[in-house]
Structure formats: structure tokens, C-alpha cells
Amino acid sequence: MKNNIIITNIRDCSKYSSRHPLFNKIFEFIKNTDFDKLPEGRTDIEGDKLFVNHIRTNGKDNGAMEMHRDYIDLHFLISGEETIGIKRTENVISYSKIYDKESDCALTEEKPDEYIRLIPGQMAIIYPDYAHLPALSSGPIHKIIAKILV
């Protein structure tokens, strides 16, 4: 675990349940969901407090890093391989998109300082004090991104 980034797998996620009152709900959702039957797009678990975006996408080799204030991101990889670039938000100097409250997102074109590699069954829980660039991969990615209200 880095400062406010948790990298774990679905088997060991219960160790982190005490870190947020909604973590148990998202962990149970992941354990009990057949992702082949879950429609792509947004699925509400507790309305705007906890929801998931189910996506299938092709990986990319670059892009803008995103930053949030109101939500913790949980990236759970179902299939493929994924690398996520990260950088502490306090070290971001320039913004390509200033923070927008409605989308809870700001963007920067700066490069990540570090990288996290995920394989199927693993998750990265990224708190708002890190900018992140997900979906770095040379192949297809099947994942969910849970949004957990801070």
C-alpha cells in the first residue's frame, strides 16, 4: 500500500473494509456479480454515494491524468492487463482542464511519476490525493471503476 493507494486482490480486500464505510458493499458487489451479465455503463449501488462504471475498452499508451475531490476510484480488472500511472495531486503544476464539481474531475497532461500494474482479480483503490491515468495497455481491458463518495 502506498500513501492512500491500495493495491490488492479480491481475495484479500476484506483487510481494507475499515478504511471506508462503503468498502464492504463494493467488495461484496465485486465478489457476487457475474460481469458477463452486467450491462456496460453505470450501475447504482447506493445512488451517488456508490456506483460502478462497467467498461470494455482497448488500452491506450498515453492520455491525460484525472483528479477527483469527492470520490475515491476503485479500479477492478476483470480481464486483460492494465497499467495505471499515478502522481500525487500536490505535485501537479499545470491543468489542461480545471476542476469541474459536476463531473468531479480535473485533468493534467503531466506525466505520471509511478506506475501500478494490475492483472485480472486485482484492484487499485485510488484516493483523491493522487492523479491517475488508467487503461494503459496494448490490448483489450474489461473492468469496473467504482466511484465511492469520500
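Everything below is about the structure shown above.
Residues numbered from 1 in each chain as written. Predicted model: local features only at pLDDT ≥ 70, side-chain atom pairs only at ≥ 80, totals over all residues. Heavy atoms only, no water.

## Some thoughts on the side chain of H20
Using the following cut-off: Runs of H or I in DSSP of at least four residues are treated as helices and runs of E of at least two as strands, each being numbered from the N terminus. Each residue's exposure class comes from its accessible area (1.4 Å probe, protein chains only) as a fraction of the maximum for that residue type: buried when under 20%, exposed when over 50%, partly exposed otherwise. In protein, a polar contact means a hydrogen-donor-capable atom and an acceptor-capable atom, both N or O and within 3.5 Å, with residues adjacent in sequence counting only if both atoms are side-chain atoms; elsewhere, any N or O pair within 3.5 Å suffices. Pairs of residues are marked as contacts when any of their non-hydrogen atoms sit within 4.5 Å.
You can see H20 is positioned in the loop between β1 (5-9) and α1 (23-32). A residue is classified by how much of its surface remains accessible, and H20, at 8% relative accessible area, is buried. A polar atom in the side chain of H20 sits 2.8 Å from the backbone oxygen of L149. Sequence-distant contacts of H20, that is, excluding residues within four places in its chain, are made with I72, I148, L149 and V150.

## Digging into the sheet that holds strand β12 (residues 140-149)
Rule in force here: Should DSSP find at least two bridges between two strands, the strands are regarded as paired. Axes here mean lines fitted to C-alpha atoms, for a helix over just the part in contact, with angles spanning 0 to 180 degrees between N-to-C directions.
Strand order in the open sheet made by the six strands is β1-β10-β5-β12-β3-β2, with antiparallel pairing throughout. In the strand order of this sheet, the two ends are held by β1 and β2 (41-44), each with one partner. For this sheet the average axis-to-axis angle between neighbouring strands, irrespective of direction, equals 20°. The pairing of strand β5 (residues 71-79) with strand β10 (residues 122-126) spans four bridges and is antiparallel. Pairing of F76 across the sheet is with M123, part of β10.

## Observations regarding the pairing of β2
Taken together, the four bridges between β2 and strand β3 (residues 50-58) define a ladder with antiparallel strand orientation. Opposite R42, over in β3, you have N53 as the bridge partner.

## A closer look at the environment of S94
Tracing the sequence through the fold places S94 in the loop between β6 (82-88) and β7 (97-100). Those residues within four positions of S94 in sequence are excluded, and the remaining contacts are T108 and E110.

## Some thoughts on the nonpolar core
Stated formally: Side-chain atoms within 4.5 Å link the members of a nonpolar core, which is a set of buried Ala, Val, Leu, Ile, Met, Phe, Trp, Tyr and Cys residues.
Formed by 23 residues in total, the largest nonpolar core has its most connected members in I26, F27, I30, L74, M123 and I125. Contributions of two or more residues to this core are made by α1, β3, β5, β10 and β12. With five residues, α1 is the single largest residue contributor to this core. Residues within four places of I125 in sequence aside, it is in contact with N4, I5, I6, F23, F27, I72, D73 and L74. Membership of the second largest hydrophobic core comes to 11 residues, among which are L77, I86, I116 and I126.

## Regarding the pairing of β6
Extensive coverage of β6 is indicated by the burial of five of its seven residues. Taken together, the five bridges between β6 and strand β11 (residues 130-136) define a ladder with antiparallel strand orientation. Opposite K87, over in β11, you have A131 as the bridge partner.

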